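Residue-level structure breakdown
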Amino acid sequence: MTYRTEQLISQLVQQLKTDQTPDGSWDYPFETGISTDAYMIILVRTLEIDDENLVRDLAERILSKQEANGAWKLFHDEGDGNISATVEAYYSLLYSGYVSKEDYRLLAAKKFILANGGLEKSHMLTKIMLALTGQYPWPAYFPIPVEIILLPLNFPINFYDLSVYGRANLAPIMILANKKYVKTTKSSPNLSELFLPETADDFFNIQDIQELFSIIEHDLKSFLGLSQTFNSLAINQTKQYMLNHIEPDGTLYSYFSSTFLMIFSLLSLGHSNSDPIILKAVEGLKAMKCTIHGQQHIQYTTATVWNTSLISYALQKAGVPSTDSVIEKASEYLLEQQQTKYGDWAIHNPGVLPGGWGFSAVNTMNPDIDDSTASLRAISQLVQKDTRIHQAWDKGILWVMSMQNSDGGWPAFEKNVDNQLLNLLPIEGGKFLLTDPSSADLTGRTLEFLGEYTNLPKNHDLMKRGVDWLIHNQEVDGSWYGRWGICYIYGTWAAITGLIAVGVSPGSPTIQKAVNWLLSIQNHDGGWGESCKSDLASKYIPLGSSNLTQTAWALDTLIAVSEKATPVIDAGISYLLETYNKVDWTLFYPVGQGMGGGFYIHYHSYQYIFPLLALTNYEKKFQG
């Protein structure tokens, strides 16, 4: 097996070296289904921008993803289809002008939509898009009033209690919902045939939330009085928040959804279609275009920094020396991407110098823990050789350490942004959108970095608190939930490798329980595979097939805790070796998530990175 393992490692290393771009980065696609393609068509048509090639190309890609029953899916095993994705595809194809309502493909989509409850059953964010383009009535009120932006930080609920991702998307929505803004054109489709009048409209899935509304209303009235003057002030402040967070490329926070919503909110405030801010935002979104299998796709954002840091690290683990030009170019690129601005993270973590890295090359003010530790790993071999890298290293480590939450875990973007009251809001997907709590994947990988790559003592209080958080948040079955990947295999991999790195014994009950869980879910072919359904179900759901990346995560976990290669590990390695070059649906299955139930990610880089790491760790530990 050793020869075959080395052969595949060599193949992966060569592939990654070949794919590096001239600037030292890797720009593999960040693929997120068809929603961004659909919204781009709707945006271009609503703004009456002449770009027929783009509209036609995106329409072709959307059509190519339609299922035989007329629906569109977010992932392969998502039952018959996804109502929101199908509504978005239907609407955008109509608006494109290249497909008519009488087309058999749209007739099949219409049948699926009506059979599954009509427009009323689509996701809240889809309904907001439909409302602002004249296809759906705005609700009488929005659960988060725009005046919340005026409340001080010491109030029980305030704007900065929302996660940064939540703020980016909700700031423009708060303006749009307040204005009940609608923009149509002479070519706007009419989707009235997709309504089922007898279906109750639960725009915000309202349940018994009187207590929360009472708190918000009491705070607003006691502090502001809710006068018209304060409404105008709140709208102006919310607009200013958006303008202050526009990236150099014109996008809001480098995200597609927030930029799309910002454009409409500016229109609602009197900006014209041809306003320079709007035109630049559109160009920023267009710049996120990539080509996948010959088709055009608008990415939700770019994953350039994330790809580059992970790939540089994986190549070095596989034996590519830090003096190799590939690594030197990657390191230079990463050095340039270290952030120097004070972003919103400083509100909850004052007195700390900037030093983190963001996810996208577009992102200049929103660093995150994952990208920061990944970038630090990637430059770790060069710290003693280059004073600039040493300075970047020191700033980065101090920033990461300072971001530990008070509960001992690490968040994604901001410290202590986990106001449990927000989970009472009737916002669909709220737990993925509204807060940024500690998570097992972030906590585990941060511990792995600190334990393996720094001189921090294993008994340091910061380490101990991180370990305690992981132990306390282990699931009953022994797994951990991973927030940014699918899902329990991902979280368990991060948690276990983190615990081992900071000195927790492989024989400890915590780790043995997790190992037993991993062993229990191995497939007969030696691999592992988990469904995207796990996130909404809040429990492990098998994919029914093995997946390369998830198999690599599971293997890496078992390798970390094992003294010698076991039959289970060997079976997993054999799966990687035998199926690596096989192309089927599992290769394109999304194993990343942005928002459970609505937004899944297929990282095109993962099929190289994680098998390479697992194979390398196997070789070094058991064959070296």
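Since we're looking at a predicted model, the values are computed, not measured. (Residues numbered from 1 in each chain as written. Predicted model: local features only at pLDDT ≥ 70, side-chain atom pairs only at ≥ 80, totals over all residues. Heavy atoms only, no water.)

When you go through the protein residue by residue, the secondary structure sums to 25 helices and five strands. Rg of the C-alpha trace for the protein: 24 Å, near the compact-globule value of 25 Å for 624 residues, within the 12% margin. Counting only C-alpha atoms, the protein reaches 70 × 55 × 45 Å along its principal axes. For the protein, the residues scored as buried account for 64% of the 624 residues in total. Looking at the protein alone, contacts between residues at least 24 apart form 74% of all its contacts between residues at least 6 apart. Surface accessibility of the protein: about 23100 Å² in total, with carbon and sulfur atoms responsible for 52%. The protein carries 44 positive and 65 negative side-chain charges, and their two centres are separated by 1 Å. (Helix = DSSP H or I, 4+ residues; strand = E, 2+ residues; numbered from the N terminus. Rg over C-alpha atoms; globule rule 2.2 N^0.38 Å. Buried < 20%, exposed > 50% of the residue type's maximum accessible area, 1.4 Å probe, protein only. Contact = heavy atoms within 4.5 Å. Areas by Shrake-Rupley, 256 points an atom, 1.4 Å probe, with all protein chains shown as cover. Lys, Arg positive; Asp, Glu negative; His and termini not counted. Charge placed at Lys NZ, Arg CZ, Asp CG, Glu CD.)

Here the focus is the pairing of strand 2 (residues 289-292). Of the two faces of strand 2, only the one carrying Cys 290 and Ile 292 is buried; Lys 289 and Thr 291 on the other face are not. The sheet contact formed by strand 2 and strand 3 (residues 295-298) spans four bridges and is antiparallel. Of the residues in strand 3, the one forming a bridge with Ile 292 is Gln 295. In textbook terms, the turn of a hairpin is the stretch between consecutive antiparallel strands, and for strand 2 and strand 3 this stretch comprises two residues, one of which, His 293, has a positive phi near 50°. (Pairing = 2+ DSSP bridges.)

For the rest of this paragraph, the subject is the packing of helix 1 (residues 2-19) against helix 24 (residues 567-579). Close contact between helix 1 and helix 24 brings their axes to 10 Å; oriented N to C, the two are set at 55°. Between helix 1 and helix 24, the angle is such that the two are oblique. The chirality of how helix 1 crosses helix 24 is left-handed. Contact with helix 1, carried on its side by Arg 4, Thr 5 and Leu 8, involves Ile 573, Leu 576, Leu 577 and Glu 578 of helix 24 and no other residues of that element. The class makeup of the residues in the contact of helix 1 with helix 24 is four nonpolar, one polar and two charged. (Axes fitted to C-alpha atoms, helices over the stretch in contact; angles between N-to-C directions. Parallel < 35°, antiparallel > 145°, perpendicular 65-115°, else oblique. Left-handed = near helix turned anticlockwise from the far one by under 90°. Nonpolar A, V, L, I, M, F, W, Y, C, P; charged D, E, K, R; others polar.)

Further remarks concern helix 19 (residues 461-472). With 12 residues, helix 19 ought to run about 16 Å at 1.5 Å a step, and its terminal C-alpha atoms sit 16 Å apart, in line with that. Every buried residue of helix 19 is accounted for by Leu 462, Met 463, Gly 466, Val 467, Trp 469 and Leu 470. Down the axis of helix 19, the sector holding all buried residues measures 160°, keeping them to one side. Buried residues along helix 19 sit against helix 16 (387-402), helix 18 (440-453) and helix 20 (488-501). (Expected span 1.5 Å × (residues − 1). Arc of directions from axis to C-beta.)

What follows concerns the pattern of salt bridges. Evaluated as defined, the whole model comprises 16 salt bridges. For Asp 51, the salt bridge is made with Lys 286, and the minimal N-O distance between the two is 2.9 Å. Here Asp 51 is found in the loop between helix 2 (35-46) and helix 3 (52-64), whereas its partner Lys 286 is found in helix 11 (residues 276-286), with 235 residues between them in sequence. Like Lys 286, Asp 51 is buried. We note a salt bridge from Glu 448 to Arg 377, for which the minimum N-O separation is 2.8 Å. (Salt bridge = Lys/Arg side-chain N within 4 Å of Asp/Glu carboxyl O.)

Right, let's talk about the packing of helix 20 against helix 23 (residues 548-561) for a bit. A packed helix pair is summarised by two numbers, namely the angle formed by the two axes and the spacing between the axes. Interaxial distance between helix 20 and helix 23 falls to 9 Å at its minimum, and their mutual angle equals 25°. Relative to helix 23, the element helix 20 lies roughly parallel. Of the two elements, helix 20 crosses helix 23, and the hand of that crossing is left-handed. On helix 23, the residues that touch Ile 489, Tyr 490, Thr 492, Trp 493, Ile 496, Thr 497 and Ile 500 of helix 20 are Gln 550, Trp 553, Ala 554, Asp 556, Thr 557, Ala 560 and Val 561. Tallied by class, the residues present in the contact of helix 20 with helix 23 amount to nine nonpolar, four polar and one charged.

Here the focus is the pairing of strand 5 (residues 599-603). In regular strands, side chains alternate between the two faces of the sheet. Across the five residues of strand 5, five count as buried, placing the element largely inside the fold. Where burial is concerned, the two faces of strand 5 agree: the one with Phe 599, Ile 601 and Tyr 603 and the one with Tyr 600 and His 602 are both buried. Where strand 1 (residues 30-31) and strand 5 come together, two bridges link them in antiparallel fashion. Looking at strand 5, one finds that Phe 30 is bridged to Tyr 603. Note that strand 4 (residues 592-595) and strand 5 share three bridges and pair antiparallel.

This part covers the sheet that holds strand 1. One open sheet holds the three strands; their spatial order is 1-5-4, and the pairing between them is antiparallel. Strand pairing shows two members of the sheet lacking a second neighbour, strand 1 and strand 4, which therefore form its edges.

Here we come to the state of the cysteines. Following the criterion strictly, the structure yields zero disulfides and no others. Free of any disulfide, Cys 290 has its nearest neighbouring cysteine sulfur in Cys 532, separated by 19 Å. Note on Cys 487: no disulfide assigned, nearest cysteine sulfur contributed by Cys 532 at a separation of 7.4 Å. (Disulfide = S-S within 2.5 Å.)

Moving on to the side chain of Ser 562. Mapped onto the fold, Ser 562 is located in the loop between helix 23 and helix 24. Note on Ser 562: relative accessible area 14%, which makes it buried. Within polar-contact distance, the side chain of Ser 562 engages the backbone oxygen of Leu 558 at 2.6 Å. Among all residues touching Ser 562, those that are not within four sequence positions of it are Ile 569, Lys 621 and Phe 622. (Polar contact = N/O pair within 3.5 Å; in protein donor to acceptor, adjacent residues only side chain to side chain.)

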